[in-house]
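# Residue-level structural notes
Each chain is listed here by its residues.
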Amino acid sequence: AQSVTQPDIHITVSEGASLELRCNYSYGATPYLFWYVQSPGQGLQLLLKYFSGDTLVQGIKGFEAEFKRSQSSFNLRKPSVHWSDAAEYFCAVGAGGSGGGADGLTFGKGTHLIIQP
Amino acid sequence: EADIYQTPRYLVIGTGKKITLECSQTMGHDKMYWYQQDPGMELHLIHYSYGVNSTEKGDLSSESTVSRIRTEHFPLTLESARPSHTSQYLCASSEWPDGEQFFGPGTRLTVL
């Protein structure tokens, strides 16, 4: 079964600075990978996803992520954060269309992003 | 517009009451899910469904039950609510098991 690790529980970044949120996964084959964002009291919104092809994926709100098979990582980046980016960020992995993972996606525990003025 | 809806958004009830949290989606997805999430914490899968008349328990044991009589509708029921059930409940759907999940806005439940 697949697993996801988000090593940073909290990250504090100054407004205008660059951001990188880490995500490591464990899965035997090429997985499907996702990043979601959750604002307080809201559901999750998809930022971007990777299924195959180009390993650098562009998403909404100026976010991008890079799939690195050798490091089993799918880190989320943004060149310049805005105060509105403060939220909870979740990385998720699917079983890559193998038909396994009857319970859908596996989510990480989340990283709480704080933006300093 | 394709979307996923949850009602109510907020619910405060007393111990012992029976409640049903509603979830509906207009995307025609076969796969639907219920997650439980405490504030600022991780998501725990409590129920999922492959399609009509299919329901399965998730990773986290829950005293709630679900039903799937129609493709678009996946309600969650608590027969007798307790303070330990206080949490946020998120509903999601997807076109296939490993694909993108679309989330509703959530129901924040408080049991007094």
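Each remark here, short or long, concerns the structure printed above.
This is a predicted model, so every value here is computed, not measured.

### Quick look at the sheet that holds strand S1 (residues 4–7) of chain B
Residue and element names in this part refer to chain B.
- What the four strands build is an open sheet, ordered S1-S3-S8-S7; its pairing is antiparallel. Strands at the two margins of the open sheet, each flanked by one partner only, are S1 and strand S7 (65–66).
- In this structure, S1 lies alongside strand S3 (residues 19–25), joined through four bridges in antiparallel fashion. Bridge pairing in S3 places Tyr5 opposite Ser24.

### What to know about the interface of chain B and chain A
- Between chain B and chain A, the residue contacts involve 24 residues of the former and 28 residues of the latter.
- The interface formed by chain B and chain A holds one salt bridge in total.
- One salt bridge connects A:Lys49 with B:Glu100, and the closest N-O pair in it is separated by 3.1 Å.
- Only strand S4 (31–37), strand S5 (44–49) and strand S9 (87–94) of chain B provide two or more residues apiece to the side of chain B that touches chain A.
- Tallying contributions element by element places S4(B) first for the side of chain B that touches chain A, with three residues.
- Broken down by class, the residue content of the side of chain B that touches chain A amounts to 12 nonpolar, six polar and six charged.

### A word on the side chain of A:Glu88
- Tracing the backbone through its elements, the reader meets A:Glu88 in strand S10 (residues 87–94).
- Among the polar contacts listed, one links the side chain of A:Glu88 to the side chain of A:His112, at a separation of 3.1 Å.
- When near neighbours in sequence (up to four residues on either side) are disregarded, A:Glu88 contacts A:Tyr36, A:Val37, A:Gln38, A:Lys109, A:Gly110, A:Thr111, A:His112 and B:Gly40.

### Quick word on the pairing of strand S11 (residues 107–111) of chain B
All names here are of chain B.
- Burial along S11 is one-sided: Thr107, Leu109 and Val111 are buried, while Arg108 and Thr110, pointing the other way, are not.
- Taken together, the three bridges between S9 and S11 define a ladder with antiparallel strand orientation. The partner of Ser87 across the bridge, within S11, is Leu109.

### With respect to the pairing of S3(B)
All names here are of chain B.
- The alternating pattern of S3 places Ile19, Leu21, Cys23 and Gln25 on a buried face and Thr20, Glu22 and Ser24 on a face that is not buried.
- One ladder, built from three bridges, connects S3 with strand S8 (residues 76–78); its direction is antiparallel. Across the sheet, Leu21 pairs through a bridge with Leu76, a residue of S8.

### Topic: the nonpolar core
Residues and elements named next belong to chain A.
- Core analysis: the biggest nonpolar cluster contains 26 residues, and Leu19, Trp35, Leu47, Leu48, Phe74, Leu76 and Tyr89 have the highest contact counts within it.
- Of all the secondary structure elements, the ones that give two or more residues to this core are strand S2 (10–14), strand S3 (19–21), strand S5 (32–38), strand S6 (44–50), strand S8 (64–68), strand S9 (73–78), S10 and strand S12 (111–116).
- The element that contributes the greatest number of residues to this core is S10, accounting for four residues.
- Those residues within four positions of Leu76 in sequence are excluded, and the remaining contacts are Leu19, Glu20, Leu21, Trp35, Leu47, Leu48, Phe63, Glu64, Ala65 and Tyr89.

### Some points on the state of the cysteines
Residues and elements named next belong to chain A.
- Inspection of the entire model under this criterion finds two disulfides over all chains.
- Linked covalently through their sulfurs, Cys23 and Cys91 form a disulfide whose S-S length is 2.0 Å. In this structure the cystine formed by Cys23 and Cys91 twists about its S-S bond by roughly -65°; its chirality is therefore left-handed. Within this pair, whereas Cys23 is found in the loop between S3 and strand S4 (24–26), its partner Cys91 is found in strand S10, the two being separated by 68 residues in sequence.
- Among the residues examined, Cys91 registers a relative accessible area of 0% and is labelled buried.

### Quick notes on unusual backbone geometry
Residues and elements named next belong to chain B.
- In this model, Thr7 is joined to Pro8 through a cis peptide bond whose omega is -10°.
- Along the polypeptide, Pro8 turns up in the loop between S1 and strand S2 (10–13).
- The phi dihedral of Asn53 falls on the positive side, at around 65°, and the residue is not glycine.
- Looking at the element boundaries, Asn53 is found in the loop between S5 and strand S6 (56–57).
- The class of Asn53 is exposed, set by a relative accessible area of 69%.

Criteria and cut-off values
Residues numbered from 1 in each chain as written. Chains lettered and ligands numbered in written order. Predicted model: local features only at pLDDT ≥ 70, side-chain atom pairs only at ≥ 80, totals over all residues. Heavy atoms only, no water. Pairing = 2+ DSSP bridges. Helix = DSSP H or I, 4+ residues; strand = E, 2+ residues; numbered from the N terminus. Contact = heavy atoms within 4.5 Å. Salt bridge = Lys/Arg side-chain N within 4 Å of Asp/Glu carboxyl O. Nonpolar A, V, L, I, M, F, W, Y, C, P; charged D, E, K, R; others polar. Polar contact = N/O pair within 3.5 Å; in protein donor to acceptor, adjacent residues only side chain to side chain. Buried < 20%, exposed > 50% of the residue type's maximum accessible area, 1.4 Å probe, protein only. Core = buried A, V, L, I, M, F, W, Y, C linked by side-chain atoms within 4.5 Å. Disulfide = S-S within 2.5 Å.

Keep in mind that these numbers describe shape and distance, not what the molecule does.
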